[in-house]
Amino acid sequence: MKIAFKGGTPARDIFIPYGKQYIDEHDIEAVTKVLKSPYLTTGPKVEEFEKKLCGITGAKYAIALSSGTSALHAACHAAGIQQGDEVITTPMTFAASANCILYCGGTPVFADIDAGTWNIKPEEIEKNVTSKTKAVIAVDFTGQAVQLDEIRDICKRYNLILIEDAAHAIGTKYNGIPVGNISDLTTFSFHPVKTITCGEGGAVLTNNEEYYKKIMLFRSHAITREIDEISQHPFNGYNEQIGLGYNYRMTDMQAALGISQLDKLWIFSNRRSEIVKKYNEAFSEIPQLTIQQEIQESDTTRHLYIIRIKSSLLKVNRNEIYKALNAENIGLQVHYIPVYYHPYYQSLGYNKGICPIAEKLYEEIITIPLYFSLTDDDVQDVIKGIKKVINYYKC
Ligand SMILES: *Cc1c(COP(=O)(O)O)cnc(C)c1O
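Predicted model, so just to flag it, every value in this text is computed and none were measured. (Residues numbered from 1 in each chain as written. Predicted model: local features only at pLDDT ≥ 70, side-chain atom pairs only at ≥ 80, totals over all residues. Heavy atoms only, no water.)

Considering the side chain of Asn119
- Tracing the sequence through the fold places Asn119 in the loop between strand 3 (107–110) and helix 5 (122–127).
- Setting aside residues no more than four positions away along its own chain, Asn119 makes contact with Ile113, Asp114, Val139, Asp140, Phe141, Gln144, Ala145, Val146 and Ile295. (Helix = DSSP H or I, 4+ residues; strand = E, 2+ residues; numbered from the N terminus. Contact = heavy atoms within 4.5 Å.)

Section: the nonpolar core
- Membership of the largest hydrophobic core comes to 41 residues, with the highest contact counts inside it found for Phe49, Leu53, Val136, Ile151 and Phe190.
- When residues of this core are traced back to their parent elements, those giving at least two are helix 2 (44–57), strand 1 (61–65), strand 4 (133–139), helix 6 (148–158), strand 9 (202–206), helix 8 (252–262) and helix 9 (265–284).
- Apart from the residues lying within four places of it in its own chain, the contact partners of Leu53 are Ala62, Ile170, Phe188, Phe190, Ala203, Leu205 and Leu262.
- Among the nonpolar cores identified, the runner-up in size contains 33 residues, and Phe283, Leu314, Ala327 and Ile330 belong to it. (Core = buried A, V, L, I, M, F, W, Y, C linked by side-chain atoms within 4.5 Å. Buried < 20%, exposed > 50% of the residue type's maximum accessible area, 1.4 Å probe, protein only.)

Thoughts on the pattern of salt bridges
- Under the criterion given, the structure shown has 18 salt bridges.
- Here Lys388 ties to Glu328 by a salt bridge, and the two come within 3.0 Å at their closest N and O atoms. Of this pair, Lys388 sits in helix 13 (residues 376–393) while Glu328 is found in the loop between helix 10 (318–327) and helix 11 (343–347), placing the two residues 60 residues apart along the sequence.
- Through salt bridges that share partners, Arg271, Glu274, Lys278 and Asp376 make up one connected network. (Salt bridge = Lys/Arg side-chain N within 4 Å of Asp/Glu carboxyl O.)

Description of the domain arrangement of the protein
- Along its sequence, the protein is carved into domain 1 (25–262) and domain 2 (265–393).
- One C-alpha centre belongs to domain 1, the other to domain 2, and the line joining them spans 26 Å.
- With 41 residues of domain 1 in contact, the opposing surface of domain 2 contributes 38 residues.
- Between domain 1 and domain 2 lies a buried interface of about 3,500 Å² when both sides are counted; carbon and sulfur atoms form 64% of it.
- For the domain 1 face of the interface with domain 2, the top three residues by lost area are Phe110, Trp118 and Thr142, together amounting to 19%.
- The interface formed by domain 1 and domain 2 holds 20 residue pairs in polar contact (both at pLDDT 80 or more) in total. (Domains from an automatic or database assignment. Buried area = accessible area lost by both parts, 1.4 Å probe. Polar contact = N/O pair within 3.5 Å; in protein donor to acceptor, adjacent residues only side chain to side chain.)

With respect to the site of the ligand
- Around the ligand sit 16 residues, and of these Gly68, Thr69, Asp165, Ser189 and Lys194 come closest.
- Here Ser189 contributes a side-chain N or O atom positioned 2.7 Å from an oxygen atom of the ligand.
- Within the side chain of Lys194, a nitrogen or oxygen atom sits 3.0 Å from an oxygen atom of the ligand.
- Calculation on the ligand without its partners gives an accessible area of 380 Å², and the protein chains cover 93% of this total. (Near = heavy atom within 4 Å. Areas by Shrake-Rupley, 256 points an atom, 1.4 Å probe, with all protein chains shown as cover.)

And the structure:
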């Protein structure tokens, strides 16, 4: 028997993870069918998945890729980011949102977040624009859309390309328009903790044909058989490499899973919203906690739920609260350590202190369980555990 943080029984007898995938018989059948078909890698299922992504978002083009990270790399490539270019992004994200800039030889510039919504702050983007700025990578943190009107306006004024890292935000709408159909390039991730999964996988969405063509080449070694792109046609199937690309292809097995998962997107989305509502109600009554401020324009499919502790009203810091909640059998994470805190970014010369609001937030946040199959009882257990720990440590 596990012992709770101060002895006795934990709020929860069986450990609740902070996130997990939901796989049903349809998913299993869809993948099994592909295994019995002639195509295992990029074939008809990838195309069908891409069409479905276009259908859900209204975007003209979708390119499925091997991961959310390769999708970000492809988006930066399409945007033409290269050595000497600066790209503005948020520190409050997974490192991939900045690493993709480095892959292309560009320089990540970190702009601070809004203290309430925790998304990148439009004014901070504008403050960081220089003559070298080429693009902005805005991250829809926890699934809530960034302030797209304001950010698009800044991008227009300074002639910047807007890449939206919507790894958290499939299913989210901004002023009624689906994420994926707003920015110049939008990327999704289908990692198992995200709202829908392919095992691993990602996609870029765009309405720009030139970007689409560039990414289709980039995905597969920049090798083409397109008649207007190659120099000669000696035989059927002849192909040429016309640029430098990668193997960032998605398999048909992953795509079949993605299609079957997308069929459940709105069921997933609604359940996630129900859980968020229950958490919001419970935590708004606890003076020692702050919850994420909502952006009115965003009709959000929530990926993560984060509580923020008010350090001044508690006897211990976040790390102690985290340990105590863990002892209550509640699975947790911290999203995120500011990207430039990572030793690798420190070695590139980024100093601590550049984004004070994000840094302060990092000290006080804990991600708690949120996933489709979390039951109402699970939710009550999580709330119970949090109340117990906060009550014990409050000033
Ligand atoms: C998960 C995630 C990624 C990377 O996606 P992968 O599919 O794991 O490569 C990028 N950005 C953000 C914000 C993410 O949460």
